[in-house]
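Here is how the chains run, residue by residue.
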Amino acid sequence: MFSEDQAISELPDADAARRFRDALSPRIATRLRRDDGLYSDVLTLAAFSPLLATTLLQNEEYFAWLGRQRTVAGGRTKEELLESLGRFSLTNSTLDPQLLFSRFRRRELIRIFLRDIRRLATVAEITDEISSLADAILEAALAEARREMDRRYGQPLEADEKQRSRPADIAIVALGKLGSLELNYASDVDLLFIYSSDGMTAGGSRDAVTNREYFTKLAQHVIKLVGEGKGEGAAYRVDMRLRPNGSLGALAMSLADTVEYYRTTARPWERQMLIRSRSSAGDAGIFRRFWNAVEPMIYDVKIEAGEALASVRASKESIDENAKRKNSLDVKLSPGGIREIEFIAQALQLAHGGADKWLRSPHTLIALSKLADRGLLSARERSELSAAYDLLRRTEHILQMENGLQTHTIPSDAAKRELVAKRVLFATGAKLEKELERSMKKVRKVFERVFDTDALSAGNSVMPQTTRTEKSNAFETSDPDTKAAAASPPFAVGLASAPKLAERAESYRRSIETLDLRSLIFESLEPAVDLRTRLDSLRREWTAIYAAIGLADLNEEISVDRSKVLQTQLAETCLDAAMYIVRREMAEGPHAPIAVIALGKLGGQRLDLGSDLDIILSYRSNADAGVDSEQEQQARAAELFITTLSSMTRAGSLYRVDLRLRPFGSKGLSIIPDTALVEYMRTTAAVWELLAYVKVRGITSGEYLDSVGAGELEGEIRDIVHSRAKAIPADELRESTLSVREALRKRKTTARTGDIDIKYGEGGMLDIYFAMRFLQLRDDVQDDAADRSTPNTLRKLGSAGSISPEGLASFIEGHKFLSAIDHAVRLCVGRSTRLPIADTLAMTRIAARLKYPSPKKLLEDLTIHRISIRETYETILG
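Residues numbered from 1 in each chain as written. Predicted model: local features only at pLDDT ≥ 70, side-chain atom pairs only at ≥ 80, totals over all residues. Heavy atoms only, no water.

**Concerning the overall build of the protein chain**
Moving on, step 1. Counting its regular elements, the protein chain contains 39 helices and 14 strands.
Moving on, step 2. Relative to its 878 residues, the protein chain shows a buried fraction of 56%.
Moving on, step 3. Within the protein chain, contacts between residues separated by at least 24 positions form 73% of all contacts whose residues are at least 6 apart in sequence. (Helix = DSSP H or I, 4+ residues; strand = E, 2+ residues; numbered from the N terminus. Buried < 20%, exposed > 50% of the residue type's maximum accessible area, 1.4 Å probe, protein only. Contact = heavy atoms within 4.5 Å.)

Following this line, the structure appears as structure tokens:
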């Protein structure tokens, strides 16, 4: 079972984790030992960040909060973080706002950093969420400051076009990393305060003042709330030096005055800085008016490309002079560092964005993609810059979360440098310095090509040297390795970093249809002598098989459906292997084997690459055993079972195990007696749970799981689900289904990227799934035990007359199309429900995978299918 000492020994800073464990209060230590997953997470945090370890020890209520948060997938939007801040304020009502904002930020960083070091999100997703956190705190601080200023001076007023009085407003404009949604853990926040117009306030407890004075005092108050600490440090360091006229300028300026400054006075680097600007808080309409006015000044069509590049190079050289004074490697400012990647993107946008508006984007990675699409970067350069950016930013995150300081420098001390290396790449064992040197050399090479001194002195820009192969379709190749590398960078990178794994995966690929998955998995466990070696052996063998399936899929040696069937079989084998490990580790053994009830994709027998395992754990209770002792024993077995499947070791991890659909959700038991599960479904389960359990399937394969019990439970639950549904009026069932579906759509589709969500968005896969399950419950059409796939279930509904022939055709064709896109995204980009519209190279890979001549044609067909799916969905559910 879970071993503290073993788990600690595998962490990059085992001593820090031990000190953290020894400092836990007895109450917290007891609670953590009942939740192995949470215990593993907090020990990992302690090994990565002494700052967050101290935060947890000083705020013991955060352990329970983290226990709830760690099971919730995905990041948080600004709106969700504002709601969370509101709840935090209610439970900490005695704190002054400065301390409240600082503590809230620190608490949220615990959750975000855990996702970061567990590799549960990309660098772009992490920095986006850190930026959203800053936006939320700035929005709350602005609201607090407005209340105070209005009380003192009354509401600020301005005159409209007809000279009628109306309220004036303000926008907080984010610049720099916050402006491009790339904020790191210890960044300053660079801000502008722009108010709508001059005028006078209405007067309050004091005399009326001009709008200029009001908004200046408002800005001062916001900066004080966010940027001045009270004992525990400020939430952020607020940097106002980038405002018009720098440190000598007014803190807040009217929209008209701000635009006039950039038109007549601003230096080139000040206009370049506005590439990464956006509305962070306040009135977004003011920023839109500002941007519409200054955008032509930033991207000036009259400036030659060479002149624009030379101007940016001059700015960069002044930064280089400061960096030269440092002896250590600086991941931000050293040659080939983060700043050079940002300058490459900004310089090429300035040089060519005047004539080509599509190139304009504040986000570095999106800008690189667009530049490559226009041929201003080669595909290789774009790939190398993006990979380097990922490594450099992850390294920067590790450096900063050591103690929460704004540092970018690799330690010169050998022991500290080794610790950083372990924290950055401990799961792969790569050498950090070697990887940084290799990546930064590639960045420097691109930088020198873009800013070629001789070419710039002649007023020219240097285009990338593109090989004939690159100019043709890079995805059209017959070589398996080349094809995999071109079509799927995630697979290519993983295999390139582990040659032995790649060799074994290639061997398995050649015989993919005849592989005995069970024999391979269980034979790998035979030599293992303890839990650690069993977990590592299982992960290494699983990874080789998983990669082999992916390679065969990429090379189109197996169909998409066959790939999903093999992934399902692999997961079921691993579930049985996990139970085998539980039996080996628990000397007394559980009173009964675990029965696994599958839902979601696993329930439908079509697990895909990167899918979670949606499962319920149960056991047949023993009437002769004590209830408490039996439940305690089964809970220990369940925790070890989940740890075996989901914990991160040096050899990686297998699956994310999702237990949120268990009775009573996150508040329920991790494993429940079969009688209690059946009773819950019969008397307590809500309509949304009936919808989820339509896809119930007991895992009846394997030797160590309770296959018989799982099969019996499946039958009982299925009968209950359909029996209860019969008793619900059709209109009530329809309204409940519609309510759950639309709530998911609204909650999950608030991203600001403009990407299309093919799962949660309108016309997405959930439209099909919810409509189909509603019809199954309304008309008592159960899944076919031999084929539980969505197309087969839809055909059953068609045969039963539950759906019209036109609706059936719409759903079957739409599901086929969306599933193909979803699978292609997983192969070519990684797990995501969103189609990465702004990433041109990724879209080209996806389109090529689906045999489309261009992303444009793919998107046209996607629009047609989404409209058709949504119309059928609305016909069924209203």
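From this point on, the discussion continues.
**Things to note about empty space enclosed by the protein**
Moving on, step 1. Inspection of every chain in the model, using the stated rule, returns 3 cavities of 30 Å³ or more.
Moving on, step 2. In this model, the second largest cavity occupies a volume close to 40 Å³.
Moving on, step 3. The wall of the second largest cavity is formed by Leu 192, Phe 193, Ile 194, Arg 243, Pro 244, Ala 250, Leu 251, Ala 252, Met 253 and Thr 258.
Moving on, step 4. Mapped by element, the contributors of at least two residues to the lining of the second largest cavity are strand S4 (189–195) and strand S6 (252–254).
Moving on, step 5. Among the elements that line the lining of the second largest cavity, the one with the most residues is S4, at 3 residues.
Moving on, step 6. Of the residues belonging to the lining of the second largest cavity, the class tally is 8 nonpolar, 1 polar and 1 charged. (1 Å grid on protein atoms, 1.4 Å probe; cavity = no way out; pocket = protein on both sides within 12 Å on 5 of 7 lines; lining within 4 Å. Points joined across faces, edges and corners; volume = space filled by probe spheres on them. Nonpolar A, V, L, I, M, F, W, Y, C, P; charged D, E, K, R; others polar.)

**So, the packing of helix H7 (residues 78–91) against helix H8 (residues 97–117)**
Moving on, step 1. For the pair H7 and H8, interaxial distance at closest approach is 11 Å and the crossing angle is 125 degrees. Of the possible angle classes, the one that applies to H7 and H8 is oblique. The interaxial crossing formed by H7 with H8 has right-handed handedness. Between H7 and H8, the residues in contact are Leu 81, Ser 84, Leu 85, Phe 88 and Ser 89 and Leu 100, Phe 101, Arg 103, Phe 104, Arg 107, Glu 108 and Arg 111, respectively.
Moving on, step 2. Class assignment for the residues of the contact of H7 with H8 results in 6 nonpolar, 2 polar and 4 charged. (Axes fitted to C-alpha atoms, helices over the stretch in contact; angles between N-to-C directions. Parallel < 35°, antiparallel > 145°, perpendicular 65-115°, else oblique. Left-handed = near helix turned anticlockwise from the far one by under 90°.)

**Side note on the confidence of the model for the protein chain**
Moving on, step 1. Per-residue confidence for the protein chain gives a mean pLDDT of 86; residues scoring 70 or more make up 88%.
Moving on, step 2. Under a pLDDT of 50 for its full length, residues 453–459 has, in the predicted model, 9 contacts with residues more than four places off or in other chains.
Moving on, step 3. Confidence over residues 466–480 falls short of pLDDT 50; this stretch has 17 contacts with residues more than four positions distant or in other chains. (pLDDT = per-residue confidence, 0-100.)

**Section: helix H6 (residues 61–69)**
Moving on, step 1. For H6, the set of buried residues is Tyr 62, Phe 63, Trp 65, Leu 66, Gly 67 and Gln 69.
Moving on, step 2. Check the buried side of H6 and you find it contacts helix H2 (14–23), helix H3 (26–32), helix H4 (36–48), helix H5 (50–58), H7 and H8.

**Things to note about the environment of Ser 802**
Moving on, step 1. Inspection of the secondary structure puts Ser 802 in the loop between helix H36 (790–799) and helix H37 (805–828).
Moving on, step 2. Ser 802 sits 27 residues away from Leu 775 along the chain, and the two C-alpha atoms are 6.5 Å apart.
Moving on, step 3. For Ser 802, the residues in contact, after removing those within four places along its chain, are Leu 775, Arg 778, Asp 779, Val 781 and Leu 797.

**Some words on the pairing of strand S8 (residues 595–598)**
Moving on, step 1. The two faces of S8 match: Ala 595 and Ile 597 on one face and Val 596 and Ala 598 on the other face are all buried.
Moving on, step 2. One ladder, built from 4 bridges, connects S8 with strand S9 (residues 613–619); its direction is antiparallel. Its bridge partner being in S9, Val 596 is matched across the sheet by Leu 617.
Moving on, step 3. The pairing of S8 with strand S12 (residues 697–698) spans 2 bridges and is classified as antiparallel. Bridging from a neighbouring strand, Ile 597 pairs with Gly 698 of S12. (Pairing = 2+ DSSP bridges.)

**Some words on the environment of Ala 53**
Moving on, step 1. Looking at where Ala 53 falls in the secondary structure, it is placed in helix H5.
Moving on, step 2. Separated by 33 residues in the primary sequence, Ala 53 and Phe 20 place their C-alpha atoms 6.8 Å from one another.
Moving on, step 3. With residues near it in sequence (within four places) discarded, Ala 53 still touches Phe 20 and Ala 46.

**Here we look at the packing of H2 against H4**
Moving on, step 1. Following both chains from N to C, one finds H2 and H4 inclined at 125 degrees, their axes separated by 7 Å at the closest point. Considering their axes alone, H2 and H4 lie oblique with respect to each other. At the point where H2 passes H4, the crossing takes the right-handed sense. Contacts between H2 and H4 involve Ala 16, Ala 17, Phe 20 and Arg 21 from the first element and Tyr 39, Val 42, Leu 43, Ala 46 and Ala 47 from the second.
Moving on, step 2. Residues of the contact of H2 with H4, tallied by class, amount to 8 nonpolar, no polar and 1 charged.

**Some words on the packing of aromatic side chains**
The description of an aromatic ring pair uses the distance of the two centres, along with the angle that the planes make with each other.
Moving on, step 1. For the structure on display, the rule yields 18 aromatic pairs.
Moving on, step 2. A ring pair is formed by Phe 287 and Trp 291, whose centres lie 6.3 Å apart and whose planes are at 25 degrees; its orientation type is stacked. Residue Phe 287 and its partner Trp 291 are both found in helix H14 (residues 284–298); the two are separated by 4 residues, about one turn of the helix.
Moving on, step 3. We classify Phe 287 as buried; its relative accessible area is 10%.
Moving on, step 4. Summarising the aromatic geometry, the rings of Phe 522 and Tyr 580 are spaced 5.7 Å apart at their centres and angled 70 degrees between planes, so their arrangement reads as edge-to-face. (Phe/Tyr/Trp six-rings, centres within 6.5 Å; stacked < 30°, edge-to-face > 60°.)

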